[in-house]
Amino acid sequence: MASQESSGGKWNRKWKLTNSILQVIDISKNFPGVKALDKVSLTLSPGETLAVIGENGAGKSTLMKILAGEQQPDSGTILLDGAAVQIDSVRTAAEKGIALIHQELNLAENLDIAANIFLGHEARQMGVLLNRQSMNVETEELLKRIGLDRSPKMVVESLSPGEKQMVEIAKALRSDARILIMDEPSSSLSQHETDRLYELIADLKQHGVSVIYISHRLGEVSRVADRVVALRDGKNAGELPKEGITHGAMVKLMVGRELGEIFPARVHEGEKPMLEVRDFEVAGGRPVSFAVRAGEIVGLAGLVGAGRTELVRGLFGVDPVRCGEIRIDGKPVQVRSPKDAIRSGIALVPEDRKLQGLILEMAVRENLTMAGLDHYETALLIDRKKERESCKGIVEKYGIRTPSLDQQVQYLSGGNQQKVVLAKWLSLSPKVLLLDEPTRGVDVGAKQEIYRLIEQLADQGVATLMISSEMQEILGMSDRILVMWNRGLAGELSRAEATEEAVMFLATGKEAA
Amino acid sequence: MNRVRGILVLLIAVIVFSSVINPQFLLAYNLQNILRWTGLFGILSIGAGLVIITGGIDLSIGSVVGIAGTTMAMWVGATGMSPGIAFLLAIGLSVGIGFAQGLLITKLRLQPFIVTLCGLLILRGVSRYVTGDATQGFGSKHLWLRNLASESPISIPIPGIGPIAIPWPFILLIILAIIAGIFLNRSVYGRHLLALGRNEEATRISGVNTQAIIIATYVISATLAGFGGILFALDINSVQPSGHGEFYELYAIAAAVLGGCSLRGGEGTILGMVIGTAIIRVLYNAINVLGIATQLEYAVIGAVILLGVIADELVRRMGARRAAKRVEAQ
């Protein structure tokens, strides 16, 4: 870097003109079946906190992985201090002062804090032996600087999620990071821990460290960011200066259209309770009781860890249930396994389509019929002609875009994969539909299609219980919202009562009061 | 099917190579021998392959071969039990072993590697103890039964070589392979088996009783091992409790992997397992016929399997890239 500073006028002028520590110019990246980034550009000034916002699948994480050397762009340029650089590995990124703190923390849980902070850069004595003494001393200083009051010898496993996050930050500071990238840093933090994170970011700013802050919690963004860059479908969608950061402006940039256009306008009028749940208690949860009427879409809101996924998994018989009663269409049913649930007319679109919803290496056809394969059985064998015919119809009906029925689902786009999951369950004509984050990681277009689909089903009398962490989705889709907090129900909101504030108030329980 | 074609090419290459170097390889007697051994080992490979498709592994196959072979020979030879009853008992024992291992793997969630490794050790010890480590045999009785392992009921004339007698074990293998192939590719259970090998959680959420299928697979593997063990015992008529079937699980696993089964689970074909077995048997034979130092036996087989698996992996990656491009073009 010194060479550039001394290399005279031209460089200096340019550097001062842009005053940027980092410039990303026209970066593109393709994955099988997905254009993750399409000519994305951004700049970052020293000491600036830049928020990168965008919906799931907008390309935020890919961009950050490229900056951190975990992935290579297909084309485009990265300038550090005005000079083009190749960030070809995590090690290169670290040498150049870039550190990425992952959404899923990357710590070796069985090791202590000092060992994690020095992982791969251990201090040695006599060439091969660990120098624990010096590592512990240095770790203690780092922990003091970030305000984490723990011994360096403490095993990471026993720390809270927030503390683990702090350890990650300390790890980045150890390597003298000048650019710190935080991917959804607050997603697992308590309010108190989040506050401390903000203090830390302010402190880093004082020391000239630049922060790229990725979040889709817009409230937080307006608190910490000096500037906002929005991505949409892998492209730059716009920028907001500090004074322009408002909730509405950010949503408009992220979504690209007004909310009213996305969510179907519908009026629900069903009276017959289709799903009734009484004193239902999953392992580690509190008893809950509620009902969903035929044709009703009930949103299940709450923070991560509130127990929403556990509740629907319990209802579907995936995980063992402690006690409780389920009635479908007035009749009590026993659900001890997903098989029982399917027989009772329940369907579950699970949280993680890649891990729970699909068998990625199998064909579209095989995935579509997985939950109801016995319908195609004749004389102990699968009637392949019947299966194929039926799948042809399903693919057409749900608008799944695939080159053929035999295509492995892993090569489809996120939206089409999700449509395969939905179609797999909906082709069983369920009476009760449990949706766990039905639009996670799909683009806006596919989202809209999925919303229309859910609406159509409700019109046909299906009772729908939908978990979503996207506030707009919950507010836009639900006839009624149940809010969970601390593994139990915190309250219920009618469509008229439902506002972002009201949901958050219930979702944060007593912490908000 | 692409992958099966690949290893079929490998099999033919090894055969052509061997017969060019030494035409004696093509003698009817030699080919019959290869068929017989392919039949015996192939029965084990099918069981090993099905377990590998669940994402597990069965290391106990060799010891099940041992215990089924020794007890059958002991009951018939030493205690004079009727062969039919002894057969049913030995198969029943194998079923029980597979069931117990399956229960431990699914209900107690123990790792298949550990459970079947313990099975390997325990069963070998039991075989040696109950027989007092004494060699067992059927004597000269029950010749018709022993013919089941050594005789050839039909013979096929091949121009240039002469008539080749097809031994019973190979015919049994073909019958079992056809049943297993239909089970794996055409039945609901087979589909579920392939699915759970890829992603057990997603399969379970689809309403499949995945544990039952996994248990059934270990039962099938042990049963085939027991059946194979009885055939091996009948064939040699001199069963050593300490050595009967030792290391056979490794041949079975190697054949299944060579035949396209991935240890990651969810992948494999019955035809591949059979061809994989044939390649290993042909190699064995070729080493003898070609006069390669027998000390190199293991080294040659290991090297060929390694090459086969590397080639397979490369082809798979190319296929994945092509599939990705196809979707993009859409």
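Our structure's up above, just so we're on the same page.
Note that the coordinates shown come from a computational prediction; the quantities given were computed from them, not determined experimentally.

Novice: Would you explain the overall build of chain A in this entry?
Specialist: Across its full length, chain A holds 20 helices and 24 strands. Dimensions along the principal axes, computed over C-alpha positions, put chain A at roughly 80 × 50 × 45 Å. Between the averaged position of the 64 positive side-chain charges in chain A and that of its 71 negative side-chain charges there is a distance of 3 Å.

Novice: How should the overall build of chain B be read in this particular structure?
Specialist: A count of helices and strands for chain B gives 13 helices and two strands. Here chain B has a C-alpha radius of gyration of 20 Å; the compact-globule value for 330 residues is 20 Å, and the two agree. Structurally, chain B occupies a C-alpha span of about 70 × 55 × 35 Å along its principal axes. Counting over 330 residues, chain B shows a buried share of 54%. A sequence separation of at least 24 residues applies to 74% of the contacts in chain B between residues at least 6 apart. Accessible area of chain B: about 14500 Å², with a carbon and sulfur share of 69%. Between the mean site of the 21 positive side-chain charges and the mean site of the 13 negative ones, chain B shows a separation of 7 Å.

Novice: Any chance you could explain the sheet that holds strand β14 (residues 288-293) of chain A here in plain terms?
Specialist: Hydrogen bonds between backbone groups are what pair the strands of a sheet, and the pairing can be parallel or antiparallel. Residues and elements named next belong to chain A. An order of β14-β13-β16-β17 is seen for the four strands of this open sheet, with the pairing classed as antiparallel. The outermost strands of the open sheet, each flanked by one partner alone, are β14 and β17 (331-333). Averaged over all pairs of adjacent strands, the angle between strand axes in this sheet comes to 20°, irrespective of strand direction. For strand β13 (residues 273-282) and strand β16 (residues 321-328), the ladder comprises six bridges, and the chain directions are antiparallel. Looking across to β16, one finds that E276 is bridged to R327. Packed on one face of the sheet, helix α12 (residues 308-315) meets β13, β14 and β16 and runs near 110° to β13.

Novice: Would you explain a nonpolar patch on the surface in this entry?
Specialist: Taken together, B:L8, B:I12, B:V16, B:F17, B:V20 and B:I21 make up a surface patch of nonpolar side chains, about 570 Å² in accessible area. In this structure, B:I12 sits in helix α1 (residues 2-21).

Novice: I keep staring at the interface of chain B and chain A and nothing clicks. Help me out?
Specialist: Accessible area lost when the parts come together is the quantity often used to give the size of an interface. On the chain A side, the residues contacting the 25 residues of chain B number 40 residues. The largest contributions to the chain B side of the interface with chain A come from B:R186, B:R191 and B:I205, which together make up 27% of the buried area. Connecting chain B to chain A are three salt bridges. Close ionic contact of A:R313 with B:E201 constitutes a salt bridge, the shortest N to O distance being 2.9 Å. The interface formed by chain B and chain A includes eight residue pairs in polar contact (both at pLDDT 80 or more). Taken together, the residues of the side of chain B that touches chain A break down into 10 nonpolar, eight polar and seven charged.

Novice: Got a minute to help me understand the nonpolar core in this structure?
Specialist: Nonpolar side chains in soluble globular proteins tend to be buried together. All names here are of chain B. Counting 96 residues, the largest nonpolar core has L44, I46, M72, I270 and I280 as its most contacted members. It is helix α2 (residues 28-53) that provides the largest number of residues to this core, a total of 14 residues. When neighbours within four sequence positions are excluded, M72 is seen to be in contact with P83, A86, F87, A90, F138, L145 and I230.

Novice: Explain the pattern of salt bridges to me, please; I cannot follow it from the model alone.
Specialist: All names here are of chain A. Under the counting rule described, the total for this entry stands at 37 salt bridges over all chains. R365 is the salt-bridge partner of E387, the closest N and O atoms lying 3.2 Å from each other. Separated by 22 residues along the polypeptide, E387 in helix α16 (residues 384-397) and R365 in helix α15 (residues 364-368) bring together distant segments of the chain. R365 shares its class with E387; the two are buried.

Novice: Is there a simple way to explain α12(A) in this structure?
Specialist: One turn of the α-helix equals 3.6 residues, which is why residues spaced by three or four share an orientation. Taking burial as the measure, the eight residues of α12(A) include seven buried ones, the bulk of the element. Within the sequence span of α12(A), burial applies to A:R308, A:T309, A:L311, A:V312, A:R313, A:G314 and A:L315.

Novice: Help me out: how do you make sense of the packing of helix α6 (residues 143-150) of chain B against helix α10 (residues 210-236) of chain B in this one?
Specialist: Packed helix pairs are characterised by how far apart their axes lie and by the angle those axes make with each other. Residue and element names in this part refer to chain B. Where α6 contacts α10, the axes come no closer than 8 Å and their chain directions differ by 110°. The angle between α6 and α10 places the two elements in the roughly perpendicular class. On α10, the residues that touch L145, R146, A149 and S150 of α6 are L231, L234 and D235. Considering only residue class, the contact of α6 with α10 consists of four nonpolar, one polar and two charged.

Novice: Please explain the sheet that holds strand β24 (residues 488-494) of chain A as it appears in this structure.
Specialist: Residue and element names in this part refer to chain A. Pairing within the open sheet is mixed, and its six strands lie in the order β18-β21-β22-β15-β23-β24. Only two strands of the sheet have a single neighbouring strand rather than two, namely β18 (346-349) and β24. The mean inter-strand angle of the sheet, taken between neighbouring strand axes irrespective of direction, is 20°. Sheet contacts for α12: β15 (297-301), β18, β21 (432-436), β22 (463-467) and β23 (480-485); angle to β22, the most-contacted strand, approximately 145°.

Novice: Please clarify how the environment of A:E239 should be interpreted in this entry.
Specialist: Residues and elements named next belong to chain A. Structurally, E239 is set in strand β12 (residues 235-241). Residue E239 is classed as partly exposed on the basis of its relative accessible area of 48%. E239 has contacts with R227, V228, V229 and L253, leaving out every residue within four places of it along the chain. Reaching out from E239, the side chain makes a polar contact with the side chain of R227 at a distance of 2.7 Å.

Novice: Which parts of the structure should I look at to understand the environment of A:K252?
Specialist: Summarising the element assignment, A:K252 is placed in helix α10 (residues 247-255). Each C-alpha atom, one on A:K252 and one on A:E389, is 42 Å from the other, the two residues being 137 residues apart in sequence.

Novice: Is there a simple way to think about the packing of aromatic side chains in this case?
Specialist: Two descriptors summarise a pair of aromatic rings, namely the distance from one centre to the other and the angle between the planes of the rings. The full count for this structure, using the stated rule, is 10 aromatic pairs over all chains. Between A:F316 and A:W425 the ring centres are 5.6 Å apart and the planes differ by 85°, which places this aromatic pair in the edge-to-face class. Placement of the pair is A:F316 in the loop between α12 and β16 and A:W425 in helix α17 (residues 414-426), with a sequence separation of 109 residues. Given a relative accessible area of 0%, A:F316 falls into the buried group. Take A:W425: its relative accessible area is 0%, and that puts it in the buried class. Measuring from ring centre to ring centre gives 6.3 Å for B:Y248 and B:Y251, while their planes differ by 50°; the resulting arrangement is tilted. Here B:Y248 pairs with B:Y251, and both are found in helix α11 (residues 248-258), just three residues apart, close to one helical turn. Note on B:Y251: relative accessible area 16%, which makes it buried.

Novice: Which parts of the structure should I look at to understand the packing of α2(B) against helix α12 (residues 270-289) of chain B?
Specialist: Residues and elements named next belong to chain B. Viewed as axis vectors pointing N to C, α2 and α12 meet at an angle of 140°, and their least axial separation amounts to 7 Å. Put simply, α2 runs oblique to α12. For the element pair α2 and α12, the recorded crossing hand is right-handed. Across the interface between the two elements, N30, I34, W37, T38, F41, G42, S45, I46, G49, L50 and I53 from α2 touch I270, M273, V274, T277, A278, R281, V282, N285 and V289 from α12. Of the residues that constitute the contact of α2 with α12, the class distribution is 12 nonpolar, seven polar and one charged.

Novice: Looking at this structure, how should I read unusual backbone geometry?
Specialist: Negative phi is the rule for most residues except glycine; trans is the rule for most peptide bonds. Within the chain, A:N486 stands out as a residue other than glycine whose phi angle is a positive 50°. Looking at the element boundaries, A:N486 is found in the loop between β23 and β24.

Novice: Explain the side chain of B:T210 here, please?
Specialist: All names here are of chain B. Among the structural elements, T210 can be located in helix α10. For T210, a relative accessible area of 1% translates into the label buried. Engagement of the side chain of T210 in a polar contact is seen with the side chain of E200, the distance being 3.2 Å. In contact with T210, other than residues within four places in its own chain, are L196, E200, T203 and R204.

Calculation criteria
- Residues numbered from 1 in each chain as written.
- Chains lettered and ligands numbered in written order.
- Predicted model: local features only at pLDDT ≥ 70, side-chain atom pairs only at ≥ 80, totals over all residues.
- Heavy atoms only, no water.
- Helix = DSSP H or I, 4+ residues; strand = E, 2+ residues; numbered from the N terminus.
- Lys, Arg positive; Asp, Glu negative; His and termini not counted.
- Charge placed at Lys NZ, Arg CZ, Asp CG, Glu CD.
- Rg over C-alpha atoms; globule rule 2.2 N^0.38 Å.
- Buried < 20%, exposed > 50% of the residue type's maximum accessible area, 1.4 Å probe, protein only.
- Contact = heavy atoms within 4.5 Å.
- Areas by Shrake-Rupley, 256 points an atom, 1.4 Å probe, with all protein chains shown as cover.
- Pairing = 2+ DSSP bridges.
- Axes fitted to C-alpha atoms, helices over the stretch in contact; angles between N-to-C directions.
- Patch = residues over 30% accessible without salt bridge, like charges linked within 9 Å, V, L, I, M, F, W, Y side chains within 5 Å.
- Salt bridge = Lys/Arg side-chain N within 4 Å of Asp/Glu carboxyl O.
- Buried area = accessible area lost by both parts, 1.4 Å probe.
- Polar contact = N/O pair within 3.5 Å; in protein donor to acceptor, adjacent residues only side chain to side chain.
- Nonpolar A, V, L, I, M, F, W, Y, C, P; charged D, E, K, R; others polar.
- Core = buried A, V, L, I, M, F, W, Y, C linked by side-chain atoms within 4.5 Å.
- Parallel < 35°, antiparallel > 145°, perpendicular 65-115°, else oblique.
- Phe/Tyr/Trp six-rings, centres within 6.5 Å; stacked < 30°, edge-to-face > 60°.
- Left-handed = near helix turned anticlockwise from the far one by under 90°.

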